[in-house]
Amino acid sequence: MADQQRRHILSVLVENRSGVLARVAGLFSRRGYNIFSLAVAPTDDERFSRITVVVDVESAPLEQIVKQLHKLVNVLKITELDPSDAVERELLMASVTASATTRGQVTELVAIFGGTVVDVGPEHLTVCLADEPRRLDDFEELIRPFGIVELQRSGQLALAKLETRAPRLRRVSDRSA
Amino acid sequence: MKLTGAQALIKSLEAQGVEVIFGLPGGAILPVYDPIIDSPIRHILVRHEQGAGHAAEGYAHVTGKPGVMMVTSGPAATNIVTPLADAYMDSVPVVCITGQVGTGSIGTDAFQEADTTGITMSITKHNWLVTDPADIPSVIAQAFHVATTGRPGPVLVDIPKDVSNGLMEWYWPEDPAAGLPGYRPTLKGHPRMIKEAAKLICDASRPVIYAGGGIIRSGASGLLRSLAELTGAPVTTTLMARGAFPDSHPLALGMPGMHGNYAAVTAMQKADLLITLGARFDDRVTGRVDAFAPLAKVVHVDVDPAELGKVRRADVPIVGDCSLVLEELVEAVRAEWQRRGENSRVDLSPWMAEIRSWQQRYPLRYEPTEEGSPLKPQFVVERLRELNGPETIVVSGVGQHQMWASQYWRFENPNTWVNSGGLGTMGFAVPAAIGAKVGRPGATVWAIDGDGCFQMTAQELVTATAERIPIKVAILNNAYLGMVRQWQEMFYDQRYSEVYLSPDLPDYVMWAEAMGCVGIRVESPDQVDVAIQKANSIDDRPVVVEFRTDAREMVYPMVPAGASNDDIVVGPTQGEGGH
Ligand SMILES: Cc1ncc(C[n+]2csc(CCOP(=O)(O)OP(=O)(O)O)c2C)c(N)n1
Ligand SMILES: [Mg+2]
């Protein structure tokens, strides 16, 4: 995992049109910024999508990334979420080797982490867990010795914490300002 | 009223006030070329799509209005990539219409299919792939709106063939911005920031106004002059801003940067305040950034917020259009003086005296031609200048000739200097001059081109002859890719690698005449004026004057790439003060 200090969560509200993700992703690569993870889906208002992008900022200052993103015509609003002021979740799915002897240990581990078993085969289990990215790291670590056949993480989502939403949420820049 | 998408497109361009389209047809754009026959819009048929793009840029440079280019799909779209990148770098408002294969064929590697919106995504301000003929008017209105507002730039609209053939009910959108919820450029500067800027200006004892191309794009030359005259601050005009401030003005320092003059470069180095207006701290201006203007506080005005703090931190950043901000800033400076009392004005005369001494000690200079040796390119530019008025539009290519043109011409008016600054596109001059002449038919348009550049796009002179666009081209023929030769001479031990072209291959006079132009060759100083006068007297066809110039001549002053501006080299035989 990248150094936590260098990671920043940007919540980017965009028009829900084809090609918008390519514009956002293209901007990052063209300007030499690193995307650590990316999650995108329509919001409750389906004219818009929200892209949650975790950026790995070493060379490029965050401010420059945000300003360049704002220049994209399809971008409406960008919010930087400070990890301490945000609730973060990521989804992990993994198919794990689980023979008759180890199956109990695997399900116990999944239960401890609050995950679920979503598919069962003769030699394997597919398990699923939604939690903070760090907790997923821990889980991944512990499950690995059993034998991971396939693993997929969703990329991180984040929303501002409710009690901090009004005063402390930092709106990095906004066109209407 | 039912129209085809193609008819709606042309009608939209008419509604948008388009007078001229530079273009070349082909399969995917065929439907759109049919209604052009019946449209009052003039279409100028270029010989290569790159020419259409640069011509549209030239038109936009001199008129301030968006230039329009139209080409077919695939190879035509890829041919126009260079002008789009050029316009993006220099913030030139242009609208490019491309044909595309039918929507059903997109993604199948159909004949002449290219991912035009994908390819041009990073070199346009925005682009659109239209999938429904009903969208055409609103997309065209949006395209012009985006191209011309905020920081201007190129936009592209890609129209599949079935969309231009399809039917729609005609309408014209009332508010182009309605469909652009994420696009709202900030034009008016923040009043508090403007006040802060005024304070810094009133405090400064060594101020320099660093004017960039934004002044020209926003039509702020008059206001720039007001600010300079009000404050007494001297003005440098970057390569993109030549003409934004009259070179004849006592406060004019001319061009800063890699090939700027000593006084302009040094004044910025020694300044205690840079009043940066529509400029972007380009590496060709700053030299080594951490050694650039080390003592200066920075006021930075730009309509693009991303330019503020991108290269150099601004003490007072102001997002806004130069015209609107300058109007307020001039008032704010007056108010600040009033607040401080009339006697509080800082005396700038020691600063100006210092600058004058640099100007006297290190003027731009070159050794005049000796008997029997080749022409000096600087002399040619000087004679062109003297035999043409300050209303003349000067267009250049990229290389040594470009630098000499920018140094030795005396610019008095905005929008009279057309060049490729940010991208440095060889081949820009001839087609851009055509576009400039179309935009300002009453003006004399001289392209000052290099032999290398000329060979890249000269075929557009066929367009110029056919369309009766009487531009004038001065080729400074040094038989070399001169600027590259200069770097090899200075930094690669005079090991000249692949830079020799030849003085007489091609034969420029014959080539010019084959393209319907008048061709003139000039080899000695005494022929220069006669040739220029002859060229000036011809107004029914393009003229090409080939000047055989001295290949050994180098552009000075020069700040070597990556060096500090303090290490400016003033000339081959470096005088006192040069390092
Ligand atoms: C399309 C393109 N290719 C290459 C270059 C690199 N380049 C910069 S200046 C130059 C030489 C230009 O030669 P010429 O037009 O004869 O001008 P001169 O410098 O001799 O005045 C070259 C090759 C460029 N700027 N653009
Ligand atoms: Mg040359």
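1. Notes on the overall build of chain A
Alright, step 1. Helix and strand content of chain A: five helices and ten strands.
Alright, step 2. Each of the 177 residues in chain A was classed as buried or not, and the buried ones make up 44%.
Alright, step 3. In chain A, 74% of the contacts between residues at least 6 apart in sequence involve partners at least 24 apart.
Alright, step 4. Accessible area for chain A stands at about 9400 Å²; split by element, carbon and sulfur atoms hold 52% of it.

2. Thoughts on the coordination of the magnesium ion (ligand 2)
All names here are of chain B.
Alright, step 1. Binding of the magnesium ion (ligand 2) to the protein goes through Asp451 (OD), Asn478 (OD1) and Tyr480 (O), at separations of 2.0 to 2.1 Å.
Alright, step 2. Counting gaps between the donor residues of the magnesium ion (ligand 2) yields the pattern D-x26-N-x1-Y. In this pair, Asp451 sits in helix H19 (residues 451-457) while Asn478 sits in the loop between strand E18 (472-477) and helix H21 (482-491), placing the two residues 27 residues apart along the sequence.
Alright, step 3. By relative accessible area, Asn478 is classed as buried at 7%.

3. Notes on the domain arrangement of chain A
Residues and elements named next belong to chain A.
Alright, step 1. According to the domain assignment, chain A consists of domain 1 (7-81) and domain 2 (88-156).
Alright, step 2. Using C-alpha coordinates to define each centre, domain 1 is positioned 30 Å away from domain 2.
Alright, step 3. Across the domain 1/domain 2 interface, buried area totals approximately 380 Å², and carbon plus sulfur atoms make up 48% of it.
Alright, step 4. Scanning the region where domain 1 abuts domain 2 turns up zero salt bridges.
Alright, step 5. Taken together, domain 1 and domain 2 are joined by one residue pair in polar contact (both at pLDDT 80 or more).
Alright, step 6. Listed by contribution, the elements that provide at least two residues to the side of domain 1 that touches domain 2 are strand E1 (7-15), strand E2 (34-42) and strand E3 (48-56).
Alright, step 7. The element that contributes the greatest number of residues to the side of domain 1 that touches domain 2 is E2, accounting for three residues.
Alright, step 8. Residue classes in the side of domain 1 that touches domain 2 are distributed as four nonpolar, two polar and one charged.

4. Topic: the packing of aromatic side chains
Residue and element names in this part refer to chain B.
Alright, step 1. The final tally for this structure, using the stated rule, is 16 aromatic pairs over all chains.
Alright, step 2. Each ring, one from Trp487 and one from Phe491, has its centre 5.4 Å from the other, and the planes form 75°; the classification is edge-to-face. With a gap of four residues between them, Trp487 and Phe491 both fall in helix H21, about one helical turn apart.
Alright, step 3. For Phe491, a relative accessible area of 35% puts it in the partly exposed group.
Alright, step 4. Here the aromatic cluster, defined as three or more aromatic residues joined through ring pairs, consists of Tyr210, Phe281 and Phe292.
Alright, step 5. In this arrangement the basic side chain of Lys11 is found over the ring face of Trp170, its NZ or CZ atom lying 5.4 Å from the centre.
Alright, step 6. Above the plane of the ring of Trp337 lies Arg345, whose end atom (NZ or CZ) is 3.7 Å from the centre.

5. Considerations on the packing of helix H3 (residues 103-112) of chain A against helix H4 (residues 133-143) of chain A
All names here are of chain A.
Alright, step 1. Running from amino to carboxyl end, H3 crosses H4 at an angle of 170°, the nearest separation of the two axes being 11 Å. In terms of orientation, H3 lies roughly antiparallel with respect to H4. Here Val106, Leu109, Val110 and Ile112 of H3 come into contact with H4, specifically with Arg135, Phe139, Leu142 and Ile143.
Alright, step 2. Classifying every residue of the contact of H3 with H4 by side-chain character gives seven nonpolar, no polar and one charged.

6. Topic: unusual backbone geometry
All names here are of chain B.
Alright, step 1. Here the bond from Leu505 into Pro506 is cis, since omega is 5°, no more than 30 degrees from zero.
Alright, step 2. As for its position among the elements, Pro506 is in the loop between H21 and helix H22 (508-514).
Alright, step 3. The peptide bond linking Tyr556 to Pro557 adopts the cis configuration, its omega dihedral lying at -5°.
Alright, step 4. With respect to the helices, strands and loops of the structure, Pro557 is situated in the segment after strand E20 (543-548).
Alright, step 5. Positioned with a positive phi, Phe281 is a non-glycine residue whose angle comes to about 50°.
Alright, step 6. The residue Phe281 is located in the loop between strand E12 (273-277) and helix H13 (283-286) in this model.
Alright, step 7. You can call Phe281 buried: its relative accessible area is 3%.
Alright, step 8. For Ser502, which is not glycine, the phi dihedral falls at a positive 115°.
Alright, step 9. When you line up the elements, Ser502 lands in the loop between H21 and H22.

7. Considerations on the pattern of salt bridges
Alright, step 1. By the definition in use, this model includes 40 salt bridges over all chains.
Alright, step 2. We note a salt bridge from Asp304 of chain B to Arg151 of chain B, for which the minimum N-O separation is 2.8 Å. Placement of Asp304 of chain B in the loop between strand E13 (297-302) and strand E14 (316-319) and of Arg151 of chain B in the loop between helix H7 (136-148) and strand E7 (154-160) is noted, with a sequence separation of 153 residues between them.
Alright, step 3. Each of Lys71 of chain A together with Arg151, Asp304, Glu307 and Lys310 of chain B takes part in one network of salt bridges that share partners.

8. Section: the packing of helix H1 (residues 20-30) of chain A against helix H2 (residues 62-71) of chain A
Residue and element names in this part refer to chain A.
Alright, step 1. At their nearest, the axes of H1 and H2 sit 10 Å apart, and the two run at 140° to each other. The pairing of H1 with H2 is recorded here as oblique in orientation. Remark: the crossing between H1 and H2 carries right-handed chirality. Contacts from Val24, Leu27 and Phe28 in H1 reach Ile65, Gln68 and Leu69 in H2.
Alright, step 2. Of the residues in the contact of H1 with H2, the class split is five nonpolar, one polar and no charged.

9. Re the side chain of Thr124 of chain B
All names here are of chain B.
Alright, step 1. Structurally, Thr124 can be placed in the loop between helix H6 (116-119) and strand E6 (126-129).
Alright, step 2. Residue classification places Thr124 among the buried residues on the basis of a relative accessible area of 3%.
Alright, step 3. Among the polar contacts made by the side chain of Thr124, one reaches the main-chain carbonyl oxygen of Thr120 at a distance of 2.8 Å.
Alright, step 4. If we ignore the near neighbours within four places in the chain, the residues touching Thr124 are Leu84, Tyr88, Pro154, Val155 and Leu156.

10. Thoughts on a nonpolar patch on the surface
Alright, step 1. Among the surface-exposed residues, Leu91, Met93 and Val118 of chain A lie close enough to one another that they form a single nonpolar patch of about 240 Å² accessible area.
Alright, step 2. Within the secondary structure layout, Met93 of chain A lies in strand E5 (residues 86-97).

11. Section: the sheet that holds strand E2 (residues 20-24) of chain B
All names here are of chain B.
Alright, step 1. The sheet built from six strands is open, its strands ordered E3-E2-E4-E5-E7-E6 with parallel pairing. With partners counted over all chains shown, the strands left at the sheet margins are strand E3 (42-45) and E6, one partner each. Averaged over all neighbouring strand pairs, the angle between strand axes comes to 20°, with direction disregarded.
Alright, step 2. Pairing analysis gives four bridges linking E6 to E7, with the strands arranged parallel. Its bridge partner lying in E7, Leu129 is registered against Asp158.
Alright, step 3. Packing against the sheet, helix H3 (residues 49-63) makes contact with E2, strand E4 (67-71) and strand E5 (94-100), and its axis sits at approximately 165° to E4.

12. Digging into the side chain of Thr43 of chain A
All names here are of chain A.
Alright, step 1. On the secondary structure map, Thr43 appears in the loop between E2 and E3.
Alright, step 2. A residue is classified by how much of its surface remains accessible, and Thr43, at 18% relative accessible area, is buried.
Alright, step 3. Reaching out from Thr43, the side chain makes a polar contact with the backbone oxygen of Asp45 at a distance of 2.7 Å.
Alright, step 4. The residues touching Thr43, leaving out its near neighbours within four places in the chain, are Leu13, Phe48, Ser49 and Arg50.

Thresholds applied
- Within each chain, residue numbers correspond to sequence positions counted from 1 in written order.
- As a convention, the first chain written is A and the first ligand written is 1, with the rest following in written order.
- Reporting in this predicted model follows two pLDDT cut-offs: at least 70 for local features of residues, and 80 or more for side-chain atom pairs to be given and counted; totals over whole chains, interfaces and linings ignore these cut-offs and use all residues.
- Water and hydrogen atoms play no part in the side-chain values, which are based on all heavy atoms of the structure.
- A run of H or I in DSSP counts as a helix once it spans at least four residues, and a run of E counts as a strand once it spans at least two, with each numbered from the N terminus.
- Only protein chains enter the accessibility calculation, which uses a 1.4 Å probe. A residue is then buried if its area is under 20% of the maximum for its type, exposed if over 50%, and partly exposed in between.
- The contact definition used throughout considers only heavy atoms, calling two residues in contact when any of these lie within 4.5 Å.
- Accessible surface area values rest on a Shrake-Rupley calculation with a 1.4 Å probe, where residue burial reflects the displayed protein chains alone.
- Listed donors are limited to N, O and S atoms within 2.8 Å of the metal, widened to 3.2 Å for Na, K and Ca; water is not among them, so incomplete-looking sites are possible.
- An automatic or database domain assignment supplies the residue ranges for each domain.
- The term buried area refers to how much accessible surface (probe radius 1.4 Å) is lost by two components on association, counted for both of them together.
- The salt bridge criterion pairs a side-chain nitrogen of Lys or Arg with a carboxyl oxygen of Asp or Glu, the two atoms within 4 Å.
- Within 3.5 Å is the distance limit for a polar contact, defined as a pair of N or O atoms, with the added protein rule that one can donate a hydrogen and the other accept it, and that residues adjacent in sequence qualify only through two side-chain atoms.
- Three classes are used: nonpolar for Ala, Val, Leu, Ile, Met, Phe, Trp, Tyr, Cys and Pro, charged for Asp, Glu, Lys and Arg, and polar for all others, with Gly counted as polar.
- What counts as a ring pair is set by centres within 6.5 Å for rings of Phe, Tyr and Trp (its six-membered ring), and what kind of pair is set by the plane angle: stacked under 30 degrees, edge-to-face over 60, tilted for all other angles.
- Geometrically, a charge over a ring is one whose NZ (Lys) or CZ (Arg) sits within 6 Å of the ring centre while staying within 35 degrees of the ring normal.
- Lines fitted to the C-alpha atoms define the axes, with helices restricted to the stretch that makes contact. Angles between their N-to-C directions range from 0 to 180 degrees.
- Note that the term roughly parallel is reserved for angles under 35 degrees, roughly antiparallel for angles over 145, roughly perpendicular for angles of 65 to 115, and oblique for everything else.
- By definition, any crossing whose near helix is turned counterclockwise from its far helix by less than a right angle is left-handed, and any crossing with a clockwise turn is right-handed.
- Patches here are clusters of residues that have more than 30% relative accessible area and form no salt bridge, with a 9 Å joining cutoff for like charges and a 5 Å cutoff for nonpolar side chains (Val, Leu, Ile, Met, Phe, Trp, Tyr).
- Note: two strands are recorded as paired if DSSP finds a minimum of 2 bridges between them.

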